[in-house]
Amino acid sequence: MSDILGILLIGFMGLSALAILGIVLMFVLRNEKAQKVAFYLTAAVPIIIAINFAGMTPLYMVGDYIVAALVGGLSIVGILMERLSNEENKAKRFLLAKIVVSVSALASMLMMTYM
């Protein structure tokens with residue numbers, strides 16, 4: 001039993017480290033291509049966590065399903081904001097999309113910790 005909990009702890013620490021590293025890299029890197037790679041990797045973490053969380057939650061815990069869907073959906077909204085931006089406001093939209101994805105990544109880490 002403790003081996004399984006150790007594996008879960010390692011997985012939690014790995015996903016948390018990936019999310020934090022992605023958030024930092026999104027805002028620190030100056031190369032636009034590297035920023036986009038960090039953006040998409042960071043956006044994938046909350047979606048993966050939401051899918052895993054919804055798959056492990058019992059069916060009678062509807063509130064937890066809703067929270068998982070909102071956290072994953074927030075990351076998808078950030079991706080759509082980045083993809084649908086036009087040339088005249090691309091920098092502002094990308095900054096706003098990075099903030100939305102960062103909030104989603106932090107919320108997914110909180111969701112893993114407290115739910």
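Everything below is about the structure shown above.
Residues numbered from 1 in each chain as written. Predicted model: local features only at pLDDT ≥ 70, side-chain atom pairs only at ≥ 80, totals over all residues. Heavy atoms only, no water.

How should I be thinking about the overall build of the protein chain in this particular structure?
A count of helical and extended segments in the protein chain gives four helices and zero strands. Going from the N terminus to the C terminus, the protein chain shows its helices and strands as α-α-α-α. The dimensions of the protein chain, computed from C-alpha atoms along their principal axes, are 55 × 30 × 15 Å. Within the protein chain, counting contacts between residues at least 6 apart in sequence, those at least 24 apart form 71% of the total. About 7300 Å² of surface is accessible on the protein chain, with carbon and sulfur atoms providing 75% of the total. Each charge class in the protein chain can be summarised by its mean position, and for the 8 positive and 6 negative side chains these summaries are 10 Å apart. (Helix = DSSP H or I, 4+ residues; strand = E, 2+ residues; numbered from the N terminus. Contact = heavy atoms within 4.5 Å. Areas by Shrake-Rupley, 256 points an atom, 1.4 Å probe, with all protein chains shown as cover. Lys, Arg positive; Asp, Glu negative; His and termini not counted. Charge placed at Lys NZ, Arg CZ, Asp CG, Glu CD.)

Looking at this structure, I do not really get the nonpolar core. What am I missing?
Most often, soluble globular proteins have nonpolar side chains that are buried together. Counting residues in each nonpolar core, the largest one holds 20 residues, and the members touching the most others are Ala19, Met26, Phe39, Ala68, Val101 and Met111. Taken together, the elements giving at least two residues each to this core come down to α1 (2–28), α2 (32–56), α3 (62–83) and α4 (90–114). (Core = buried A, V, L, I, M, F, W, Y, C linked by side-chain atoms within 4.5 Å. Buried < 20%, exposed > 50% of the residue type's maximum accessible area, 1.4 Å probe, protein only.)

Just checking my understanding: could you explain the packing of α3 against α4 for this structure?
It is the contact of α3 with α4, at a shortest axis distance of 8 Å, that shows an interaxial angle of 160°. With respect to each other, α3 and α4 are oriented roughly antiparallel. Relative to α4, α3 is oriented so that their crossing is left-handed. Between α3, through Val67, Ala68, Val71, Leu74, Ser75, Gly78, Met81 and Glu82, and α4, the contact on the second element is made entirely by Arg93, Phe94, Leu96, Ala97, Val100, Val101, Val103, Ser104, Ala107, Ser108 and Met111. For the contact of α3 with α4, the residue count by class is 13 nonpolar, four polar and two charged. (Axes fitted to C-alpha atoms, helices over the stretch in contact; angles between N-to-C directions. Parallel < 35°, antiparallel > 145°, perpendicular 65-115°, else oblique. Left-handed = near helix turned anticlockwise from the far one by under 90°. Nonpolar A, V, L, I, M, F, W, Y, C, P; charged D, E, K, R; others polar.)

Any chance you could explain the side chain of Thr57 here in plain terms?
By the element assignment, Thr57 lies in the loop between α2 and α3. Using a relative accessible area of 10% as the deciding quantity, one classes Thr57 as buried. At 2.5 Å, the side chain of Thr57 and the backbone oxygen of Phe53 are in polar contact. In this view, Thr57 contacts Asp64 and Tyr65; residues no more than four positions away in its chain are not counted. (Polar contact = N/O pair within 3.5 Å; in protein donor to acceptor, adjacent residues only side chain to side chain.)

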